[in-house]
Every structure is written in structure tokens, then in C-alpha cells.
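Okay, here's what each chain looks like letter by letter:
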Amino acid sequence: MIVRALNSGLRKVPVWVIYIFLPVPGVVTFYLGLTGGLGAEPIKALEQALGEFTLNLLVLGLSISPILRFTGLNLLRFRRAVGVMAFTYVTAHFLTWLILDLQSANQIFADIKKRPYVTVGFLGFLLLVPLAVTSNNWAVRSLGRFWPKLHSLVYVAAILGSLHYIMLTKGFQLEPLIYMAVIIAFIAARMPKWRRSLARK
Ligand code: HEM
């Protein structure tokens, strides 16, 4: 009953709302960086915040189909916009590293090669590029049944993103491990065998 009411309310929410509200935390963080509100190392803080927003949006995007399956709440209409916003954040994260952190084009490949966590993050970013390019209606129509297959790459990108986070944290920290565990749980929920046993329960 409640889920049905929520779904009928959600059907009235236009998708553009996602494109208006999801950039807000990024814009606010950037503004804080410019105005001295991000502490002693604003570039690092901005880079880290954009990385976290990216991971949160990837997890949010991946959660949409398990939420539908297990609760009936239908957020599918918003999934593509959430994916596009995740790509926007990872691009901003990447550009912060490239323009504000490295500040030298010669350093790009040296840094990617030297720091394994940057290599892993960069691979995750590269995997998201074809997904962003094919996130329009024309690509969905032309790619047909290949489109969902191609977009399954988001699982690999999310794993790489969370691995990147685990690799860059010093000492034991629970948060990056939780991200990885949640992503693996969403992947497991997609497996037909698990899906059947969860549905039985
Ligand atoms: C799927 C792609 C990616 C995801 C999900 C991601 C996510 C993250 C997260 C969660 C953090 C840590 C935030 C924190 O400490 O609270 C981070 C930090 C960072 N990421 Fe990424 N990232 C991605 C791609 C990249 C790429 C492409 C680069 C550069 C080539 C990059 C470079 C960095 C750097 C330099 C840091 C900061 C390390 C520090 O604390 O000094 N990331 N990223």
C-alpha cells in the first residue's frame, strides 16, 4: 500500500530534478574550497569529497534494481540520470587531480604508473567513459540487447572505485571496506542463483 503510494508519487517527479539537485554538493564543496572553507589543504579535501560523491552515486545507481526487487519501490526512471551524475563527479574528481593536484601534463602517466591506487582509479574512470557516451536514447535504441551488457561494466568500475579507496587509505579503515562489501552484495543479488534463493526467502 505505502509502496504503491510512493511509486505513484515518484511517477510525478520529473527526471530533471536529479540533474538539478545532485550537482549541489559538488558546487557547494567547490565554493567552500574557493572561500577557505575546506581547511588547510583545500585541493586534497575537494579531491577526496568528489571521490566520495562519485562512489556514493555509483552505489546509489547499483542499489536501484535490488530496491525494486526486494521492496517494490520503483526508482528505475532515475537510474540513468544517477549514472550520468556519477560520471560528472568522477570527471570533476579526475580534473581536480589533473589540473589542481598534478599541475603538469608530463606527470600524468608517471603518476598513473607510480601510484597503484591512481592506476586502479583511472581504470575505473576509463570503464565509465563508454557508459557515459552511450547513456542517450539514441544509443539505447541502436545498441539494443548489447546496451545492458555494456552497462554491466558499471559493476567492474564500482569495484575498481572501491578498491582504489581501500588502496589509498592508510591503516585500517572500515568505510572503504563497507563500500566494497555493499557493491559485492549488489553484484551477488544479480546472480540468478542468489536471486532465486532470496526470492524464496
Ligand atoms: C570510479 C572511479 C573513481 C572513484 C569511485 C574514486 C573514488 C575516490 C574516493 C572514495 C577517494 C577517497 C576519498 C576520501 O579520502 O574520503 C578518492 C581519492 C582520490 N582519488 Fe579517486 N576515484 C576514482 C577515480 C580516480 C581517478 C581517475 C583518479 C586520477 C587519475 C583518482 C585520484 C584520486 C586521488 C589522487 C585521491 C586522493 C588521495 C589522497 O587522499 O591524497 N581517482 N577517490
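Residues numbered from 1 in each chain as written. Predicted model: local features only at pLDDT ≥ 70, side-chain atom pairs only at ≥ 80, totals over all residues. Heavy atoms only, no water.

Visitor: Outline the side chain of Thr 96, listing residues and values.
Guide: In this structure, Thr 96 sits in helix α5 (residues 79-102). Classification of Thr 96 as buried rests on a relative accessible area of 5%. (Helix = DSSP H or I, 4+ residues; strand = E, 2+ residues; numbered from the N terminus. Buried < 20%, exposed > 50% of the residue type's maximum accessible area, 1.4 Å probe, protein only.)

Visitor: Any details on the site of the ligand? Residues and values, ideally.
Guide: Around the ligand sit 20 residues, and of these Lys 44, Gln 48, Glu 52, His 93 and His 164 come closest. Contact between the ligand and Glu 52: an oxygen atom at 2.8 Å from a side-chain N or O atom of the residue. At 2.8 Å from a nitrogen atom of the ligand is found a side-chain nitrogen or oxygen belonging to His 93. The pocket occupied by the ligand, as judged from atoms lying within 2 Å of grid points, is the largest pocket. For the shell around the ligand, the secondary-structure elements that each account for two or more residues are α4 (42-71), α5, α7 (116-133) and α10 (153-168). The element that contributes the greatest number of residues to the shell around the ligand is α4, accounting for seven residues. (Near = heavy atom within 4 Å. Polar contact = N/O pair within 3.5 Å; in protein donor to acceptor, adjacent residues only side chain to side chain. 1 Å grid on protein atoms, 1.4 Å probe; cavity = no way out; pocket = protein on both sides within 12 Å on 5 of 7 lines; lining within 4 Å. Sits in = over half its atoms within 2 Å of the grid points.)

Visitor: Help me get a handle on the nonpolar core, residues and values and all.
Guide: If you look at the biggest cluster of nonpolar residues, it comprises 37 residues, and the most contacted ones within it are Leu 58, Leu 62, Trp 97, Leu 128 and Val 154. Elements represented by at least two residues in this core include exactly α4, α5, α6 (107-114), α7, α10 and α11 (174-190). Of the residues forming this core, the biggest block, nine residues, is contributed by α5. The contacts of Leu 128, once residues within four sequence positions are left out, are Leu 58, Phe 87, Val 90, Val 154 and Ala 157. (Core = buried A, V, L, I, M, F, W, Y, C linked by side-chain atoms within 4.5 Å. Contact = heavy atoms within 4.5 Å.)

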